[in-house]
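# Observations on the three-dimensional arrangement
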Amino acid sequence: MEIRFKRLSDKAIMPIRAHIGDAGVDLTATKITTELNEVNQLLICYHTDLAVEIPEGYVGLLFPRSSIYTKSLQFTNSVGVIDSGYRGELMVKMRSTTDVVPGIYKEGERFAQLVILPVSSDYTITEAAELTETDRSTDGFGSTGNELSAVAGSDTQSKETV
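Residues numbered from 1 in each chain as written. Predicted model: local features only at pLDDT ≥ 70, side-chain atom pairs only at ≥ 80, totals over all residues. Heavy atoms only, no water.

### Things to note about unusual backbone geometry
We apply this condition: Strands are runs of DSSP state E lasting at least 2 residues, helices are runs of H or I lasting at least 4, and numbering of each runs from the N terminus. Throughout this description, buried means an accessible area under 20% of the type-specific maximum (1.4 Å probe, protein chains only), exposed means over 50%, and partly exposed covers the range between.
Residue Asn40 is not a glycine yet carries a positive backbone phi of 65 degrees. Position of Asn40 relative to the elements: it lies in the loop between strand E3 (31-36) and strand E4 (42-53). Its relative accessible area of 59% is what places Asn40 among the exposed residues. A positive phi angle, close to 65 degrees, is found at Ser78, a residue other than glycine. By relative accessible area, Ser78 is classed as exposed at 54%.

Below, the structure is given as C-alpha cells:
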C-alpha cells in the first residue's frame, strides 16, 4: 500500500520510519504556535507542513511518541483521528501537564507518530431495547485486573457484598 504525503512548505520533513516493521511513522515539528482553548488554557500546536492521502477504508491515528514521558505534555484529544477524506495539514495540539515551564518538543524534533489502520464503514446504527449478554457484561474500568472478575460465576451483586 502506498501512503502519499504532500509538502505544504519547504520546511516539511517527510515522515520517518525508524525500523522496518514499525507500526507508525514519526512526524517532525516544523513550526510551533500557541492558542487558548475555551477555558483559556494555553495549547501548544505542533505543525508538520504535511498533508496525507489516506486510502479509503483506512484511518490515520496520531499517537504521542514514547519519548513524551520526558516532556510535560499530553495530546488534547488523546489520539488524533485522520479520516481518509481529510487533506489538510497534519498537526497536533498539546497541553502542559505542569504549572511550571513545561518540557516541550522543539522545531526539528519528532513529536508524534502516524499509524494507518483498516476500518470498516460497512455498518448501520440501530437502536435496541436490549443487547446480547457476554461474560464481561458491564464490568468496566480496571475490571480485567480485578481478582473477583476472574472467579467463575461472580456477578456484580457478589462483588458488592464481598
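Here the narrative resumes, following the displayed structure.
### Description of the pattern of salt bridges
Here the idea is simple: oppositely charged side chains can pair when their charged atoms come close. For clarity, the threshold we go by: Each reported salt bridge corresponds to a side-chain nitrogen of Lys or Arg within 4 Å of a carboxyl oxygen of Asp or Glu.
Enumeration according to the criterion identifies five salt bridges in this entry. A salt bridge links Arg65 to Asp26, with the nearest nitrogen and oxygen atoms 3.3 Å apart. With Arg65 in the loop between strand E5 (58-64) and strand E6 (73-75) and Asp26 in strand E2 (residues 24-28), the pair connects residues that are 39 residues apart, well separated along the chain. One salt bridge in this structure joins Lys93 and Glu35, with 2.8 Å as the shortest N-O distance. Residue Lys93 is found in strand E8 (residues 89-96), and its partner Glu35 is found in strand E3; the two are separated by 58 residues along the sequence. With relative accessibility at 31%, the residue Lys93 sits in the partly exposed group. For Glu35, a relative accessible area of 31% corresponds to the partly exposed category. What you see here is one network of salt bridges that share partners, running through Asp26, Arg65 and Arg110.

### Concerning the packing of aromatic side chains
The condition is simple: Two aromatic rings, drawn from Phe, Tyr or Trp (for Trp, its six-membered ring), form a pair once their centres lie within 6.5 Å of each other, and the interplanar angle then sorts them: stacked below 30 degrees, edge-to-face above 60, tilted otherwise. Either the NZ atom of lysine or the CZ atom of arginine qualifies as a charge over a ring when it sits within 6 Å of the ring centre and within 35 degrees of the ring normal.
The final tally for this structure, using the stated rule, is two aromatic pairs. On the numbers, 5.1 Å between centres and 25 degrees between planes, the contact of Tyr46 with Phe111 is stacked. With Tyr46 in strand E4 and Phe111 in strand E9 (residues 110-118), this pair connects stretches of sequence that are 65 residues apart. Note on accessibility: Tyr46 and Phe111 belong to one class, buried. Through a chain of ring-to-ring contacts, the aromatic side chains of Tyr46, Tyr105 and Phe111 assemble into a single cluster. The ring centre of Tyr105 lies 5.1 Å from the NZ or CZ of Lys71, which sits over that ring.

### A closer look at the sheet that holds E9
Definition in use: The pairing criterion for strands is at least two bridges between them, as found by DSSP. Geometry is summarised by axes, namely lines fitted to C-alpha atoms with helices restricted to the contacting stretch, and by angles between N-to-C directions that run from 0 to 180 degrees.
Read across the open sheet, the four strands follow the order E2-E9-E5-E7; overall the sheet is antiparallel. Looking along the sheet, the strands with just one partner apiece sit at the ends: E2 and strand E7 (80-82). Adjacent strand axes in the sheet meet at a mean angle of 30 degrees, parallel and antiparallel pairs treated alike. Relative to E9, E5 runs antiparallel, the two sharing seven bridges. Looking across to E9, one finds that Phe63 is bridged to Gln113.

### Remarks on the side chain of Glu89
What counts here: Counted as positive: Lys and Arg. Counted as negative: Asp and Glu, with His and the chain ends omitted from the count. As used in this structure description, the phrase polar contact means that two N or O atoms lie within 3.5 Å; if the pair is within protein, one of them must be able to donate a hydrogen and the other to accept it, and residues adjacent in sequence are counted only when both atoms belong to side chains. Two residues qualify as a contact provided that any one of their heavy atoms is within 4.5 Å of a heavy atom in the partner residue.
Note on placement: Glu89 falls in strand E8. Here Glu89 occupies a buried position and makes no salt bridge, while the nearest side chain of opposite charge, Lys31, is found at 5.7 Å. Reaching out from Glu89, the side chain makes a polar contact with the backbone nitrogen of Asp49 at a distance of 2.9 Å. When neighbours within four sequence positions are excluded, Glu89 is seen to be in contact with Leu8, His47, Thr48, Asp49 and Leu50.

### Concerning the environment of Val59
Following the sequence through the fold, Val59 ends up in strand E5. For Val59, a relative accessible area of 9% puts it in the buried group. Taking the C-alpha atoms as reference, Val59 lies 9.5 Å from Gly85; in sequence the two are 26 residues apart.

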